[in-house]
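# Observations on chain architecture
Here are the chains, one letter per residue:
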Amino acid sequence: MVDEIKTHYRACHLCEAICGVEIKTQGDQVISIKGDKADPFSRGHICPKATALQDLHTDPDRLKQPVKKVDGGWETISWDEAYQTVAEKLIGVQEHHGKDAVAFYAGNPNVHNYGSMTHGGQLRKVLKTKNHYSATSLDQLPHHLTSLKMYGHQFLQPIPDIDRTNFMMIIGGNPLASNGSIMTVPDVTKRLKDIQKRGGRFVVIDPRRTETAEIADEHHFVRPGSDAFLLMAMIHTLFDEGLINLGHFSDKVRGMDDVQKAAEGFTPEIAEQQTGIAAETIRELAREMANTEGAVCYGRMGVSVQVFGTLCQWAIQIINILTNSLDVEGSMMVCSPAFGYVKPGAGGAGHFDLFRSRVSNLPEFAGELPVVALAEEILTPGEGQLKSLITIAGNPVLSTTNGNEIDKALKELDFMVSIDIYINETTSHADIILPPTAGLEHDHYDLAFHRLAVRNTTRYNPAVFEPEQNTRHDWQIFNELSAKIAELKGIEFKPLPSPDKVIDMGIQSDHYSASQGHELALTMDKIKEYPHGLDIGPLEANMAERLCTDSGQVHLDIDFILADVDRLRATQSAPAKDELLLIGRRHVRSNNSWMHNSKRLVKGKPRWQLLMHPEDLAERGLADNTEVTIASRVGEVSTTVVASDEVMKGVVSLPHGWGHKRNGAQLSIATEQQGVNCNDLTDDKLIDVISGNAALNGVPVKVSAA
Ligand SMILES: Nc1nc2c(c(=O)[nH]1)N[C@H]1C(S)=C(S)[C@@H](COP(=O)(O)OP(=O)(O)OC[C@H]3O[C@@H](n4cnc5c(=O)[nH]c(N)nc54)[C@H](O)[C@@H]3O)O[C@H]1N2
Ligand SMILES: Nc1nc2c(c(=O)[nH]1)N[C@H]1C(S)=C(S)[C@@H](COP(=O)(O)OP(=O)(O)OC[C@H]3O[C@@H](n4cnc5c(=O)[nH]c(N)nc54)[C@H](O)[C@@H]3O)O[C@H]1N2
Ligand code: SF4
Ligand SMILES: [Mo]
């Protein structure tokens, strides 16, 4: 008998764009994956990664049963044995070395998996360690910190109202490759081109002429790590030329004088020397922000993951505020999601610097320590030393600064457990791996990214496939392992119901619920009636009422950020002569470190070459397309150099997430492709000193013939 063909609708969970996909299946096979044209938000757009959803599903390397390391090899064990062993080992470590000797590392896919979001806290509750690390401090920590301090809540984050803006300045983001970040924006290429069609403009500031820069109205190269000079000079110009318009925030900002004082001396001429962008261009950018109705200054990875990450994010907010570009149609606006609507009194606001890391004295944020501290916390002996690690959907060996040091540290642990679908460069260090089901086997509601979207939307979809027998979803692993630990510790523990029920409870008391008197009266059941997603409408200007600061105002005068302006002033020196600055590079067919086991995505030319400006090659006597060695303070790697005027002179670019042939990773396709790990070069001591976020961009390196 031939199985019937079934059609499923679903939001892709692989990146922040949450595109609707239409998946046709026959029996246990995927027969096609296309864009869901009926999704009002993504309008049928998908990228090449969506079709790899089936490769993840069928990947023979994907684990389905727990495995245990025995004599350097792997043996399949039962879930009962796995939970029992993991619980005993973790409790043993805590009994011998104190409860903080166990650490968590949570990777990026956690935020794309709603069961990890709702249930991840279960394990934290029973283990009660203060050692939490995650990919947040390799990424957007400066965004959260500025939102907390300026607006009173780490998740009150303004998003570009891209569909109505008339001028958009994109600094340190490459949405054509990343598909947007802290801006959930499916079909971003069309949305950017539409700005131009309606007579608007967009400008890209980036050390590389990226795919996004190629379609922009203007692109300006900027020296990596120098953006804070540009932004401070724009603020300086706004004051200098009397261009300030606070709009409806005029009686709702605190600290204007401090900002004006901070910007003193940051003339466009000084910024020109530091950034390489002409002073007049900087003035023009400030004027265009001020003079355009509906303007956006949007900064992402490139200005977050660098040595002045927090200062940059603060300055970006200030520029939007000073030019009436916050909470106005077409400017930066906050999203109104069905779950997690931030308003005064909302929980989870976050906190900063309540405690510090043991070795390098780095501040916590919302209970997490910066991940640059992870290796040293494991390797440095003394009271409080980490002895055990739980990784959850993360690959720090390839994603974190100084990968070799992380590698070394993981070998020193007494016990490591990974909740992950693969034996990869990191999880291969584990004693036990607990594999969850893959994306298509569980239902999905995007908890994180409906909250950061350029329209107010909501969507739930059921699983495409029944999970295989005797497998577990992430949320079930959290419930079951936590219950076992609680049982052995003799403490009380209540498992949570399934994620859809947890979220339903949230939605039924949140913004669009009947209990809040909203006409939509949303419930999970109602959302389920819209398999293509429910579009609630454009962003609304409601941020002024949603400010969560004690004063009800926007706080511009953040003392430690103002103090950091002095650190910026002190760096006004020229770069060392033969110093090159390393930056990253994302590719639309890649997703951090973990999707390289899909042949469909990795086929074609290798993607881990070093891009270098032709003049820099010539100055070093290097030939195009030859092997070079790249060396930084912490390590070196060898790869092919390619001459390209896509990068600014003085800048080299190497993507992250490669370097798979390592530690016995069992990834048959990815290890064939191997590549090099750019994070063997990035430096755990190069950080945004305010937040402790890693500076993965702007790493000084030397390049020579291999
Ligand atoms: N040099 C440099 N380094 C970077 C960056 C950069 O731009 N340059 N970017 C940084 C950024 S922004 C980020 S977010 C980090 C990402 O850093 P990480 O989150 O540490 O790394 P990923 O490559 O996303 O690893 C994801 C892991 O999750 C597993 N996984 C996938 N899906 C699931 C699931 O549903 N459940 C479970 N349990 N596991 C799953 C995969 O097998 C893989 O092991 O990398 C950072 N590192
Ligand atoms: N295809 C694909 N999509 C992804 C991912 C992926 O790995 N692949 N990762 C996802 C994740 S985890 C994230 S966080 C997002 C990130 O999304 P984006 O922030 O859009 O990330 P990038 O593409 O790395 O863009 C960062 C840009 O900053 C530039 N840059 C580097 N240094 C500097 C600097 O000092 N100043 C300035 N102004 N610019 C600089 C880089 O050249 C690059 O073009 O993408 C997500 N989407
Ligand atoms: S852009 Fe992101 S969400 Fe859309 S199909 Fe590609 S990976 Fe999936
Ligand atoms: Mo990220």
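Described in the following lines is the structure provided in the data block. (Residues numbered from 1 in each chain as written. Chains lettered and ligands numbered in written order. Predicted model: local features only at pLDDT ≥ 70, side-chain atom pairs only at ≥ 80, totals over all residues. Heavy atoms only, no water.)

### Some points on the site of ligand 3
In the vicinity of ligand 3, the residues found are Cys12, Leu14, Cys15, Ala17, Ile18, Cys19, Ile46, Cys47, Lys49, Ala50 and Asn179. Grouping the constituent residues of the shell around ligand 3 by class yields 9 nonpolar, 1 polar and 1 charged. (Near = heavy atom within 4 Å. Nonpolar A, V, L, I, M, F, W, Y, C, P; charged D, E, K, R; others polar.)

### Considering the packing of helix α11 (residues 268-275) against helix α12 (residues 279-291)
Two elements in contact, α11 and α12, have axes separated by 8 Å at closest approach and are oriented at 115°. Relative to α12, the element α11 lies roughly perpendicular. Judged by the sense of rotation from one axis to the other, the crossing of α11 with α12 is right-handed. Here α11 contributes Pro268, Glu269, Ala271, Glu272 and Thr275 to the contact with α12, which in turn contributes Ala279, Ile282 and Arg283. (Axes fitted to C-alpha atoms, helices over the stretch in contact; angles between N-to-C directions. Helix = DSSP H or I, 4+ residues; strand = E, 2+ residues; numbered from the N terminus. Parallel < 35°, antiparallel > 145°, perpendicular 65-115°, else oblique. Left-handed = near helix turned anticlockwise from the far one by under 90°. Contact = heavy atoms within 4.5 Å.)

### Details of the packing of aromatic side chains
Between two aromatic rings, the relevant description is the distance of the centres plus the angle of the planes. Under the counting rule described, the total for this entry stands at 5 aromatic pairs. Between Trp79 and Tyr83, the ring centres sit 5.7 Å apart and the planes meet at 40°, which makes this aromatic pair tilted. Within this pair, Trp79 and its partner Tyr83 are both found in helix α3 (residues 79-97), separated by 4 residues, close to a single helical turn. For the pair shown, Trp79 and Tyr83 are each scored as buried. Between Trp608 and Trp658, the ring centres sit 5.0 Å apart and the planes meet at 45°, which makes this aromatic pair tilted. In this pair, Trp608 sits in the loop between α23 (599-602) and β26 (610-612) while Trp658 sits in the loop between β29 (651-653) and α25 (668-673), placing the two residues 50 residues apart along the sequence. A relative accessible area of 2% places Trp658 in the buried class. Ring pairing ties together the aromatic residues Phe352, Phe365 and Phe560, which thus form one cluster. The positively charged end of Lys528 is found above the aromatic ring belonging to Tyr460, 4.8 Å away from the centroid. When the ring centre of Tyr341 is taken as origin, the NZ or CZ atom of Arg546, which lies over that ring, is 3.7 Å away. (Phe/Tyr/Trp six-rings, centres within 6.5 Å; stacked < 30°, edge-to-face > 60°. Buried < 20%, exposed > 50% of the residue type's maximum accessible area, 1.4 Å probe, protein only. Lys NZ or Arg CZ within 6 Å of the ring centre and 35° of its normal.)

### Examining the packing of helix α4 (residues 114-127) against helix α18 (residues 474-489)
Relative orientation of the contacting elements α4 and α18 amounts to 10°, with a least axis distance of 8 Å. One finds that α4 runs roughly parallel with respect to α18. As for how α4 packs across α18, the hand of that crossing is left-handed. Counting all contacts with α4, which are made through Gly115, Ser116, His119, Gly120, Gln122, Leu123, Val126 and Leu127, the residues of α18 involved are Asp474, Trp475, Phe478, Asn479, Leu481, Ser482, Ile485, Ala486 and Lys489.

### Describing the nonpolar core
In terms of nonpolar packing, the biggest core is built from 95 residues, with Met168, Met232, Ile235 and Trp314 touching the most fellow members. Residue contributions to this core peak at 10 residues, all from helix α9 (residues 227-240). Grouped together as the second largest cluster of nonpolar side chains are 32 residues, Val67, Leu386, Leu398 and Ala409 included. (Core = buried A, V, L, I, M, F, W, Y, C linked by side-chain atoms within 4.5 Å.)

### Description of the pattern of salt bridges
This model, assessed by the stated rule, comprises 44 salt bridges. Of the charged contacts in the structure, one is a salt bridge between Asp616 and Arg620, with a shortest N-O distance of 3.8 Å. A relative accessible area of 2% means that Asp616 is categorised as buried. Where Lys649 meets Glu619, a salt bridge forms, and the shortest distance between an N and an O atom there is 2.9 Å. A residue pair is termed long-range when its members are at least 10 positions apart, and Lys649 in the loop between β28 (636-643) and β29 and Glu619 in helix α24 (residues 614-619) qualify at 30 residues. Judged by relative accessible area, Lys649 falls into the partly exposed class, the value being 37%. (Salt bridge = Lys/Arg side-chain N within 4 Å of Asp/Glu carboxyl O.)

### Topic: the site of ligand 2
Neighbouring ligand 2 are 31 residues; Ser178, Asp206, Asp227, Ser590 and Asn592 lie closest to it. Asp206 places a side-chain nitrogen or oxygen 2.6 Å from an oxygen atom of ligand 2. Contacts to ligand 2 include Gly225, whose backbone N or O atom sits 2.8 Å from an oxygen atom. Protein burial of ligand 2: of its 920 Å² of free accessible surface, 96% is covered by the chains. (Polar contact = N/O pair within 3.5 Å; in protein donor to acceptor, adjacent residues only side chain to side chain. Areas by Shrake-Rupley, 256 points an atom, 1.4 Å probe, with all protein chains shown as cover.)

### Some points on the sheet that holds strand β18 (residues 415-419)
Here we have 7 strands laid out as an open sheet, ordered β5-β4-β19-β18-β17-β6-β7, and mixed in their pairing. Each edge of the sheet is formed by a strand with only one pairing partner; in this case those strands are β5 (73-76) and β7 (131-134). Averaged over all pairs of adjacent strands, the angle between strand axes in this sheet comes to 20°, irrespective of strand direction. Of the pairings in the sheet, the one linking strand β4 (residues 67-70) to strand β19 (residues 432-434) comprises 2 bridges and is antiparallel in character. Residue pairing across strands places Val67 opposite Ile433, the latter belonging to β19. Running at roughly 120° to β19, α3 makes contact with β4, β6 (102-106), β17 (388-392), β18 and β19 of the sheet. Here α18 sits on the sheet in contact with β17, β18 and β19, set at roughly 145° to β18. (Pairing = 2+ DSSP bridges.)

### Focus on the environment of Ser388
Mapped onto the elements, Ser388 comes out in strand β17. Given the relative accessible area of 0%, Ser388 is considered buried. C-alpha separation for the pair Ser388 and Trp658, spaced 270 residues apart in sequence, amounts to 26 Å. Apart from the residues lying within four places of it in its own chain, the contact partners of Ser388 are Leu90, Val93, Ala101, Val102, Ala103, Leu413 and Phe415. A distance of 2.8 Å separates a polar atom in the side chain of Ser388 from the backbone oxygen of Phe415.

### Thoughts on the pairing of β6
Among the 5 residues of β6, 5 are classified as buried, and the element is accordingly described as predominantly covered. Of the strand pairs in this sheet, β6 and β17 are connected by 5 bridges, and their pairing is parallel. Bridging from a neighbouring strand, Val102 pairs with Ser388 of β17. Strand direction decides the pairing type here: β6 and β7, joined by 4 bridges, are parallel. Looking at β7, one finds that Ala106 is bridged to Ser134. Between the parallel elements β6 and β7, the chain passes through α4 in a crossover that is right-handed. (Right-handed = clockwise from strand over helix to strand, strands pointing away.)

### As for helix α14 (residues 309-322)
In this model, α14 (14 residues) spans 20 Å end to end at C-alpha, consistent with the 20 Å of a helix rising 1.5 Å per residue. Looking one or two residues past α14, Asn324 carries a phi angle of roughly 55°, positive in sign. (Expected span 1.5 Å × (residues − 1).)

### Side note on the side chain of Thr118
Its location among the elements puts Thr118 in helix α4. Of the polar contacts made by the side chain of Thr118, one reaches the side chain of His119; its length is 2.7 Å. Ignoring anything within four residues of it in the chain, the contact list for Thr118 reads Leu447, Leu496, Pro499, Val502 and Ile503.

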